[in-house]
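Listed below, chain by chain, are the residues.
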Amino acid sequence: MQRRTLLLALLMAANLHLSAVAMAADAEIGPVRVRTERFYPVLMPGGASWGGSIQALEEGRLAVGAVESTDNGRTWGHRRTLVELPRVEPPTTVWGDGVPLVDGRGTFHYFVLRWDQSDKQAPAAKLALWHLKADPPYTGWTEPKLWFDGYIGALLSSVEMPNGTLVAPFAYMTDRHYSKPASGLMGYVYMGEHTTTCVFSKDRGETFHPSPTPVNVPASIIIGNENGAIEPVCLTLNDGRAWMLIRTQQGRLWESFSGVGITWSPPQPSWFISSD
């Protein structure tokens, strides 16, 4: 089970949307192309693997859908609809990418982004974080709730800590730029346009709160809008900590650690080499 969990976590972290992984202990491990769309895998309480994603229905309607594998990711069944999302008005409002999480009690959580450019006076559109959930057998879903209102570049992972805290990491765009640096001591080093943080829940997803310790990494480029600490991914370690890996422009992924998923250590370079 630990090997399957690690492989699923690595698959999610790598965001391999055209492949799944053969995870049987007695099988040769390697990428196997099985689907043509992106999905994020989770292990279900009964031992099956589900791949969650946003599903397009008729007339522009969108839903949370899932495909299922009962053979350790070798083959995947047909997509089924879990819950239809509230109607949106493309291209002004659109449901975007999302990631699933199944907690220790079997509750299925879905974190999803929602594009919104209805405010024509705003300097930029929003890509905000919403959350919905359902207990087994996953037929009664909560209404999506907004937990971070801003522009999030990507949503790549979510984890449950050993103490039950739910954590969803992401990076958001600030109003910083090279000619408008951060205030205080951070103003002496350009931190880019993005800050990494997370929201956490200590009540099984009823409420979420932002981390009090956002993570910033110096940016080595001043052009474009993909600079700073961006696209974080979290994994839980055997010692109970959360390990966050962060995309940077410093030649390496940077890392930060948390004991309970709420506060995070100052970031430092990891041993993963990264070109951007």
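Before reading further, recall that the structure is shown in the block above.
Since the model is a prediction, treat every value here as computed from it, not as a measurement.

A closer look at the overall build of the protein chain
Now for step 1: Looking only at helices and strands, the protein chain features 1 helix and 18 strands.
Now for step 2: Of all 276 residues assigned to the protein chain, the portion counted as buried reaches 48%.
Now for step 3: Sequence separation of at least 24 residues holds for 47% of the intrachain contacts in the protein chain that already meet a minimum separation of 6.
Now for step 4: About 13700 Å² of surface is accessible on the protein chain, with carbon and sulfur atoms providing 54% of the total.

Details of the side chain of Ser157
Now for step 1: As for its position among the elements, Ser157 is in the loop between strand E10 (145-148) and strand E11 (159-160).
Now for step 2: Overall, Ser157 belongs to the buried group, its relative accessible area being 1%.
Now for step 3: In this structure the side chain of Ser157 is engaged in a polar contact, spanning 3.0 Å, whose partner is the backbone nitrogen of Cys234.

Considering the sheet that holds strand E5 (residues 62-69)
Now for step 1: Reading across the sheet, the 4 strands line up as E3-E4-E5-E6 and stay open at both edges, with antiparallel pairing between neighbours. One side of each edge strand has no neighbouring strand; the edge strands of this open sheet are strand E3 (40-43) and strand E6 (80-84). Averaged over neighbouring strand pairs, the angle between their axes works out to 35° when direction is ignored.
Now for step 2: Pairing between E3 and strand E4 (residues 49-56): 4 bridges, direction antiparallel. Looking across to E4, one finds that Pro41 is bridged to Gly51.

A look at unusual backbone geometry
Now for step 1: The residue after Pro90, namely Pro91, is reached through a cis peptide bond having omega 0°.
Now for step 2: Assignment of secondary structure puts Pro91 in the loop between E6 and strand E7 (93-102).
Now for step 3: Looking along the chain, the bond that leaves Pro136 and enters Pro137 is cis, with omega of 5°.
Now for step 4: Despite not being glycine, Asn72 has its phi angle at roughly 60°, a positive value.
Now for step 5: On the secondary structure map, Asn72 appears in the loop between E5 and E6.
Now for step 6: At Tyr138, a position not held by glycine, the phi torsion is positive, near 70°.
Now for step 7: Here Tyr138 is to be found in the loop between strand E9 (126-134) and E10.
Now for step 8: You can call Tyr138 buried: its relative accessible area is 10%.

Notes on the sheet that holds strand E17 (residues 252-258)
Now for step 1: On the basis of which strands lie adjacent, the open sheet formed by 4 strands has the order E15-E16-E17-E18 and antiparallel pairing. What marks the edges here is a single partner per strand, and that holds for strand E15 (230-236) and strand E18 (268-273). Taking each pair of neighbouring strands and ignoring which way they run, the sheet shows an average axis angle of 35°.
Now for step 2: Direction of pairing for E15 relative to strand E16 (residues 242-247): antiparallel, over a ladder of 5 bridges. Paired with Val233 across the strands is Leu245, a residue of E16.

Focus: the nonpolar core
Now for step 1: The biggest cluster of nonpolar side chains holds 21 residues, and the ones touching the most others in it are Trp50, Phe108 and Trp141.
Now for step 2: Listing elements by their share of this core, those giving two or more residues are E5, E6, E7, strand E8 (108-116) and E9.
Now for step 3: Among the elements that take part in this core, E9 stands out by supplying 4 residues, more than any other.
Now for step 4: Excluding its chain neighbours within four sequence positions, the residues that come into contact with Phe108 are Val42, Met44, Trp50, Leu82, Pro100, Leu101, Val102, Leu132, Lys133, Ala134, Tyr138 and Trp141.
Now for step 5: Of all hydrophobic cores here, the second largest spans 18 residues; its members include Leu155, Leu156, Ala168 and Val199.

What counts and what doesn't
In this convention, every chain numbers its residues from 1, walking through the sequence in written order. Residue-level local features of this predicted model are given only where pLDDT is at least 70; pairs of side-chain atoms are given and counted only at 80 or more, and the full residue set underlies all totals for whole chains, interfaces and linings. The basis for the side-chain values is all heavy atoms of the structure; hydrogens and waters are excluded. By the criteria applied, helices consist of DSSP H or I runs no shorter than four residues and strands consist of E runs no shorter than two, each listed in order from the N terminus. Under the scheme applied here, a residue whose accessible area is under 20% of the maximum for its type counts as buried, over 50% as exposed, and between as partly exposed, the area being computed with a 1.4 Å probe on protein chains only. The contact criterion used throughout is that any non-hydrogen atoms of two residues lie within 4.5 Å. A 1.4 Å probe and the Shrake-Rupley method give the accessible areas. Residues count as covered only by the protein chains that appear here. N or O atoms within 3.5 Å of each other form a polar contact, as long as, within protein, one can give a hydrogen and the other can take it, and as long as residues adjacent in sequence are counted only when both atoms are side-chain atoms. Whether two strands pair depends on DSSP finding at least two bridges between them. Between N-to-C directions, angles span 0 to 180 degrees; the directions come from axes that are lines fitted to C-alpha atoms, helices contributing only their stretch in contact. Residues belong to a common nonpolar core when they are buried Ala, Val, Leu, Ile, Met, Phe, Trp, Tyr or Cys residues joined through side-chain atoms within 4.5 Å.

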